[in-house]
Amino acid sequence: MKSIATITVQIYCIIFAICVQCEGQSNQDLTDPLQPPVILTELPEPYNDENRLFQGIPSLQPTSNERLWLTWFSGGRGETCENIVLLATSGDRGETWSKPIMAIDPPGVVRAFDSSLWQDPRGRLWLFWSQGEETQNNPTIWDGRAGVWCMTCDHPELGEKAVWSEPRRLCDGIMNNQPIADSQGRYLLPVSVWRFDSKYFIPHTDRGALVYASEDEGKTFSRLGRAEVPKEDSVFDEHNLIEKRDGSFWMTIRTRYGLGESFSTDGGRTWTVAAPSTVLKHTCSRFMIRRLQSGRLLLVKNGNYNEDVGRTKMMAFLSEDEGQTWLGGLLLDDRPEVSYPNGNQAEDGTIYVTWDYARYGGKEIMVARFTEEDILAGKAVSQNSKLKIVANKATGK
């Protein structure tokens, strides 16, 4: 039989090993953005609408004619390690919205931010977001690497009862515009690794406006190509991808001067150096361009298609000639402090767009429901259109 002293030593060794393991896990949880976040389906009190102090940068995806999904990020007093990603849904075409039904909440000094929603050709709903550490460098919102994460839902029609997959990290970087599925069946992700230096070093050739591709319906992704944005013009990228009718690709990019563009004629592997658009102008802020079911392109931005008005006057336009000219001009929101439009089209052709209003003041996540006819008319002429729906409002002070 073992002596009491031997057993005592073994017990202490076991306790010490457990303590070391727990301490390692705790330190890793607090500092490692590569660790999966906590997924909350019951929100703690600080995350309730009545207590949140800041919110913005939304994304919207309809999954049927009735069911819509909406995501944005919030938490804390601004863009810090307290940031969380929220998810809400509507079952009545955006007339009413649930309270946030899910929060993505990395532990410790890791923030969740820049989320987006997308429904793939199979009908799965994807929720993407980014995770990165808060650092003391400038800007504090960027750790030099970050990372694009995702979860998927096979049955988004279930609304608040929908089941989501486990979180999965796809690649370094940030993605806050939707992917596209191209004519070859590839899923293409517009991922950015910002040019700002911080904690993690990434070579220049791996930074900028990147494209990641999946040829197996999202099981795996690998880097396809990169558009070079000159260093003096480079900022947050936030690029959109469009496959043109001739099979080439058009990338539109947020730059310091406003709106840049790049082109690829080899399936997205190589791209021209980004340069100012010859047609479009914009302030240094996110905008959106989407291909509609009609074949037209949808543009949503601040102000007229050829002017920079700052973050005011959210408007929608159409193009029938692959972006060479733009038609209509539907004013969605004429207030100041409106920014970051995002959205998509439902099966019945209805267009849904979201944007944020006054992230630190009004703290409103807005939604509009309209049609191509409304855009061309320059006003809401369709029976079911509605232009200023408050989908969520935080009221914390």
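Keep in mind the model is a prediction, meaning the values are calculated, not measured.

1. Section: the side chain of Asp-374
Along the chain, Asp-374 turns up in helix α2 (residues 372-377). No salt bridge is formed by the buried Asp-374; its nearest oppositely charged neighbour, Arg-369, is found at 8.4 Å. Apart from residues no more than four positions distant in its own chain, Asp-374 is found in contact with Leu-330, Lys-379, Ala-380, Val-381, Ser-382 and Ser-385.

2. Some remarks on the environment of Val-279
For Val-279, the position within the fold is in the loop between β17 (275-276) and β18 (288-291). Sequence separation between Val-279 and Trp-97 is 182 residues; the distance between their C-alpha atoms is 37 Å.

3. What about the pairing of strand β11 (residues 187-193)?
Within β11, seven of the seven residues are buried, which leaves it mostly tucked inside the rest of the structure. By the alternation rule, side chains of β11 split into Tyr-187, Leu-189, Val-191 and Val-193 and Leu-188, Pro-190 and Ser-192, which are all buried. Here strand β10 (residues 180-181) folds back onto β11 in antiparallel fashion, the turn holding five residues, of which Gly-185 has a positive phi close to 85°. Relative to strand β12 (residues 208-214), β11 runs antiparallel, the two sharing seven bridges.

4. What to know about the packing of aromatic side chains
Within this structure, the stated rule accounts for 15 aromatic pairs. On the numbers, 5.0 Å between centres and 40° between planes, the contact of Phe-54 with Tyr-360 is tilted. Of this pair, Phe-54 sits in the loop between β1 (38-40) and β2 (55-62) while Tyr-360 is found in the loop between β23 (351-357) and β24 (364-370), placing the two residues 306 residues apart along the sequence. Overall, the relative accessible area of 1% leaves Phe-54 in the buried class.

5. Here's the deal with the environment of Arg-67
With respect to the helices, strands and loops of the structure, Arg-67 is situated in the loop between β2 and β3 (68-74). Taking relative accessible area as the criterion, Arg-67 reaches 18% and is therefore assigned buried. C-alpha separation for the pair Arg-67 and Met-366, spaced 299 residues apart in sequence, amounts to 16 Å. Sequence-distant contacts of Arg-67, defined by excluding residues within four places in its chain, comprise Pro-62, Thr-89, Ser-90, Gly-91, Pro-156, Glu-157 and Gly-159. Here the side chain of Arg-67 touches Thr-89 through a polar contact of 3.0 Å, side chain to side chain. Within the structure, the side chain of Arg-67 is placed 3.4 Å from the backbone oxygen of Ser-90, a separation counted as a polar contact.

6. Some details on the environment of Pro-36
Take Pro-36: it is sitting in the loop between α1 (4-31) and β1. Note: C-alpha distance between Pro-36 and Asp-105 (69 residues apart in sequence) is 9.3 Å.

7. A short note on the pattern of salt bridges
Scanning the entire structure with this criterion turns up 25 salt bridges. Salt-bridge contacts for Asp-49 lead to Arg-52; the nearest nitrogen and oxygen are separated by 2.8 Å. Note on Arg-52: relative accessible area 2%, which makes it buried. For Lys-386, the salt bridge goes to Glu-95, with nearest N and O atoms at 3.2 Å. Placement of Lys-386 in strand β25 (residues 386-393) and of Glu-95 in the loop between β4 (84-90) and β5 (102-105) is noted, with a sequence separation of 291 residues between them. On the basis of relative accessibility, which here comes to 36%, the residue Lys-386 falls in the partly exposed class. Several salt bridges share partner residues, and in doing so they unite Asp-333, Arg-335, Glu-364, Lys-388 and Lys-393 into one network.

8. Some words on the nonpolar core
Ranked by size, the top nonpolar core spans 44 residues in total, and within it Phe-128 and Trp-164 carry the most contacts. If we skip the residues at most four places from it in the chain, Trp-164 touches Trp-69, Leu-87, Met-102, Leu-125, Leu-127, Met-151, Thr-152 and Cys-153. Membership of the second largest hydrophobic core comes to 20 residues, among which are Leu-298, Val-300, Leu-330 and Ala-358.

9. Side note on unusual backbone geometry
In the Ramachandran plot, Arg-93 falls in the positive-phi region, its phi being about 65° despite a non-glycine side chain. For Arg-93, a relative accessible area of 15% gives the class buried. Of note in the backbone geometry, Glu-238 takes a positive phi value of approximately 45° without being a glycine. With respect to the helices and strands, Glu-238 occurs in strand β14 (residues 237-243). Among the residues examined, Glu-238 registers a relative accessible area of 7% and is labelled buried.

Here is what the cut-offs are and how they apply
Throughout, residues of each chain are indexed from 1 in the direction in which the sequence is written. Residues qualify for local features only when their pLDDT is at least 70, as the model is predicted, and side-chain atom pairs are given and counted only at 80 or more; totals for whole chains, interfaces and linings, by contrast, use all residues. Side-chain metrics rest on all non-hydrogen atoms present in the structure, leaving aside hydrogens and water. Strands are runs of DSSP state E lasting at least two residues, helices are runs of H or I lasting at least four, and both sets are numbered from the N terminus onward. Burial classes follow relative accessibility: with a 1.4 Å probe on protein chains only, a residue under 20% of its type's maximum area counts as buried, one over 50% as exposed, and anything between as partly exposed. Residues scored as positive are Lys and Arg, those scored as negative are Asp and Glu, and His as well as the terminal groups of each chain are ignored. Just to be clear on terms, a salt bridge is a Lys or Arg side-chain nitrogen sitting within 4 Å of an Asp or Glu carboxyl oxygen. Every residue pair with non-hydrogen atoms within 4.5 Å of one another is taken to be in contact. When DSSP finds two or more bridges between a pair of strands, those strands are recorded as paired. Centre distance within 6.5 Å is the pairing criterion for rings of Phe, Tyr and Trp, where only the six-membered ring of Trp is used; planes under 30 degrees apart are then read as stacked, over 60 as edge-to-face, and the remainder as tilted. Polar contact is the term for a pair of N or O atoms within 3.5 Å; when the atoms are in protein, one must be able to donate a hydrogen and the other to accept it, and sequence-neighboring residues count only if both atoms are side-chain atoms. Buried residues of nine kinds, namely Ala, Val, Leu, Ile, Met, Phe, Trp, Tyr and Cys, make up a nonpolar core once their side-chain atoms join them within 4.5 Å.

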